[in-house]
Amino acid sequence: MEIHEEAWNAYPYCKTVISNPGYMKDNFFIIIESLHLPDKGDKQNVHELPPDKLKLREVIMVDIASDPITSSDYKLSEDPNRYESETTGRGPLTGKWISRVSWSTILEVKKYSISTSDYK
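Residues numbered from 1 in each chain as written. Predicted model: local features only at pLDDT ≥ 70, side-chain atom pairs only at ≥ 80, totals over all residues. Heavy atoms only, no water.

### Focus on the sheet that holds strand E2 (residues 13-19)
And then number 1: Pairing is antiparallel across the open sheet formed by 4 strands, whose spatial order is E1-E2-E3-E4. Here the strands that pair on one side only, and so sit at the sheet edges, are strand E1 (4-10) and strand E4 (110-119). Between one strand and the next, the sheet's axes are offset by a mean angle of 10°, whatever the strand orientation.
And then number 2: Sheet topology places E1 next to E2; 7 bridges connect them, and they run antiparallel. (Pairing = 2+ DSSP bridges. Helix = DSSP H or I, 4+ residues; strand = E, 2+ residues; numbered from the N terminus. Axes fitted to C-alpha atoms, helices over the stretch in contact; angles between N-to-C directions.)

This is the structure we're talking about:
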């Protein structure tokens, strides 16, 4: 099986298309679109989905400090619960860190991604 990946990075917008043209031709694709915005991650429809698709959308918030991680992926030196930046003094991210962040004093960039798939 052959999988093709095409990617366009025009920050703050990025798009990746995964397809299988040799076998499934136009009958299979996955599209991942990402938009990076300087906000708290509270925008409702940054990808401007039409109402019918907006109803089907599932929002999944990712918390880099609190979401579970497998032991095989864990690295103590990269643990946001333990890491403190020597340059900025930020960190570690513990407890309800998101509610304690001073949004007015640091630039936060949130990544909004949407994945679309179609296969027949």
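### Some points on the pairing of strand E3 (residues 28-37)
And then number 1: One ladder, built from 7 bridges, connects E2 with E3; its direction is antiparallel. Looking at the pairing, Val 17 lines up with Ile 31 of E3.
And then number 2: In this sheet, E4 lies alongside E3 in antiparallel orientation, the contact comprising 10 bridges. When the bridges of E4 are listed, Ser 34 appears paired with Ser 113.

### Brief notes about the pattern of salt bridges
Side chains that carry opposite charge are capable of pairing whenever their charged atoms lie near each other.
And then number 1: Taken as a whole, this structure holds 1 salt bridge when the rule is applied.
And then number 2: As a salt-bridge pair, Asp 79 and Arg 82 come within 3.6 Å of each other at their nearest N and O atoms.
And then number 3: The exposed category is assigned to Arg 82, whose relative accessible area is 57%. (Salt bridge = Lys/Arg side-chain N within 4 Å of Asp/Glu carboxyl O. Buried < 20%, exposed > 50% of the residue type's maximum accessible area, 1.4 Å probe, protein only.)

### A few points about the environment of Ile 3
And then number 1: For Ile 3, the position within the fold is in the segment before E1.
And then number 2: Taking the C-alpha atoms as reference points, Ile 3 and Pro 80, separated by 77 residues in sequence, lie 34 Å from one another.
And then number 3: Excluding residues that lie within four positions of it along the chain, Ile 3 makes contacts with Ile 18, Ser 19 and Asn 20. (Contact = heavy atoms within 4.5 Å.)

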